[in-house]
Amino acid sequence: MNSIQEHCCGADQLFDLKTAQKQYRKYIKKGPGRVTQKIIDQLSNFSIHQEDVLIDVGGGIGALQWWFLSQNGKNTVGVDASSGYQKIANKHALDLNLSDRSTQLFGDFACLDLSALKGNYVTLDKVICCYPDFKSVLQKAVNTQPEVISLSYPLHGYLASIIRGFGVLFMKILGTSFKPYVHNGKHVQLLLIDLGYQLKYQDILFPWRIQTFVKM
Ligand SMILES: C[S@@+](CC[C@H](N)C(=O)[O-])C[C@H]1O[C@@H](n2cnc3c(N)ncnc32)[C@H](O)[C@@H]1O
């Protein structure tokens, strides 16, 4: 298993500025991707209040953050291990005069000292599949005391394991320490239940599972 530091450097290498720019152009042209849109659809079932804060873990270019602010949320905090994505998110915030309502933190969400960070909503869109240890990430997300947690991650099973195997090989060829991970959906769900949440919404958009949990 990679150490978390190796993994994080790998994320910065893989999700570089060029990838971020490409994804941002697509976002400007077509809006959020299909999986991100499903998270937005699930979150649209809640009333977002003017004092609400979103913590967007591994938020990339920030599509969920920009949506949340458009719904009158107070502010957003993006935490990402990619300096390229962070650069694009900061530029977008600056261009749209959103800098006073959005903050980007650089680093590994599981390792940063975020004890003072509190949010009503936490999103992890295609993020726990970047993590060897999803438990520490979800525990840390819960420590921010959200009422709602939305996440997307790949469906597990033989096919996913085979695809992951090719992914790992591809990363090796690219020379990055980053690896994708497939976590068992039942384990993810049981952990969140143990941490005091219940599953409220679920969608499948092959190969992704999109879930929203609410505090019990
Ligand atoms: C597959 S991308 C998804 C980006 C965005 N959520 C989306 O759906 O377009 C995974 C994101 O998680 C970030 N990430 C991976 N490992 C991370 C870590 N240890 N801490 C914080 N962010 C991380 C990556 O930098 C990347 O932005």
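Note that the coordinates shown come from a computational prediction; the quantities given were computed from them, not determined experimentally.

K.L.:
Would you explain the overall build of the protein in this entry?
P.N.:
For the protein, the count of helices and strands is 8 helices and 7 strands. For the protein, the spread of C-alpha atoms along the three principal axes comes to 45 × 40 × 35 Å. For the protein, the proportion of its 216 residues judged to be buried stands at 41%.

K.L.:
Would you mind going over helix α3 (residues 34-43) with me for this structure?
P.N.:
One turn of the α-helix equals 3.6 residues, which is why residues spaced by three or four share an orientation. Here α3 has its buried residues at Thr-36, Lys-38, Ile-39, Gln-42 and Leu-43. Here the buried residues of α3 occupy an arc of 155° about the axis, which is enough to place them on one side. Of the surrounding elements, those touching the buried residues of α3 are α4 (63-70), β4 (121-125), β5 (148-154), β6 (197-205) and β7 (208-215).

K.L.:
What is the right way to read the site of the ligand from this model?
P.N.:
The full set close to the ligand counts 18 residues, and Gly-58, Gly-60, Ala-81, Ser-82 and Cys-130 are the nearest of them. Going through the elements one at a time, α1 (4-14) and β2 (75-80) are the ones with two or more residues in the shell around the ligand.

K.L.:
When you look at helix α2 (residues 17-30) in this model, what are you seeing that I'm missing?
P.N.:
Between its first and last C-alpha atoms α2 spans 20 Å; for 14 residues at 1.5 Å apiece the expected length is 20 Å, and the two agree. Phi turns positive, to about 85°, at Gly-31, one or two residues after α2.

K.L.:
I would appreciate a short explanation of the pairing of β6 in the present structure.
P.N.:
Every regular strand shows the same layout, with side chains that alternate between the two sheet faces. Where β6 meets β7, 8 bridges bridge the pair, whose relative direction is antiparallel. Its bridge partner being in β7, Tyr-201 is matched across the sheet by Thr-212. Hairpin geometry of β6 and β7 is characterised by an intervening segment of 2 residues between the two adjacent antiparallel strands.

K.L.:
What is the right way to read the pairing of strand β1 (residues 53-57) from this model?
P.N.:
Most of β1 is tucked away, with 4 of its 5 residues classed as buried. Once the chain exits β1 it traverses α4 before rejoining the sheet at β2, and the crossover so formed is right-handed. Examined bridge by bridge, β1 and β4 share 3 bridges and lie parallel to one another. Bridged to Ile-55 within β4 is Val-122.

K.L.:
Before we go on, may I ask you to explain the environment of Arg-164 in this structure?
P.N.:
Along the polypeptide, Arg-164 turns up in helix α7 (residues 158-174). The exposure class assigned to Arg-164 is partly exposed, which follows from the 17 C-beta atoms found within 10 Å. Each C-alpha atom, one on Arg-164 and one on Val-137, is 20 Å from the other, the two residues being 27 residues apart in sequence. Ignoring any residue separated from it by four or fewer positions in sequence, one finds Arg-164 in contact with Pro-180 and Val-182.

K.L.:
What's the story with the sheet that holds β6 in this structure? I'm lost.
P.N.:
What links the strands of a sheet is backbone hydrogen bonding, and the strands pair in either a parallel or an antiparallel sense. On the basis of which strands lie adjacent, the open sheet formed by 7 strands has the order β3-β2-β1-β4-β5-β7-β6 and mixed pairing. Taken across any chain shown, the strands that pair with only one partner, and hence form the sheet edges, are β3 (102-106) and β6. Across the sheet, the axes of successive neighbouring strands diverge by a mean angle of 15°, strand direction being ignored. Taken together, the 5 bridges between β4 and β5 define a ladder with parallel strand orientation. Within the sheet, the bridge partner assigned to Tyr-121 lies in β5 and is Val-148.

K.L.:
What am I meant to see in the nonpolar core here?
P.N.:
Considering soluble globular proteins, one finds that nonpolar side chains tend to be buried as a cluster. Ranked by size, the top nonpolar core spans 45 residues in total, and within it Val-57, Ile-128 and Val-137 carry the most contacts. Among the elements that make up this core, the one with the highest residue count is α4 (6 residues). Not counting residues within four places of it along the chain, the set of residues in contact with Val-57 comprises Val-79, Phe-109, Val-122, Thr-123, Leu-124, Val-127 and Ala-141.

K.L.:
When you look at the environment of Lys-126 in this model, what are you seeing that I'm missing?
P.N.:
Here Lys-126 lies in the loop between β4 and α6 (134-143). Sequence-wise, Lys-126 and Leu-96 are 30 residues apart; in three dimensions their C-alpha atoms are separated by 25 Å. Contact partners of Lys-126, with chain neighbours within four places excluded, come to Val-35 and Ser-152.

Conventions and cut-offs
- Residues numbered from 1 in each chain as written.
- Predicted model: local features only at pLDDT ≥ 70, side-chain atom pairs only at ≥ 80, totals over all residues.
- Helix = DSSP H or I, 4+ residues; strand = E, 2+ residues; numbered from the N terminus.
- Buried ≥ 20, exposed ≤ 12 C-beta atoms within 10 Å, placed from the backbone.
- Arc of directions from axis to C-beta.
- Contact = placed C-beta atoms within 7 Å.
- Near = placed C-beta within 6 Å.
- Expected span 1.5 Å × (residues − 1).
- Pairing = 2+ DSSP bridges.
- Right-handed = clockwise from strand over helix to strand, strands pointing away.
- Axes fitted to C-alpha atoms, helices over the stretch in contact; angles between N-to-C directions.
- Core = buried A, V, L, I, M, F, W, Y, C linked by C-beta atoms within 7 Å.

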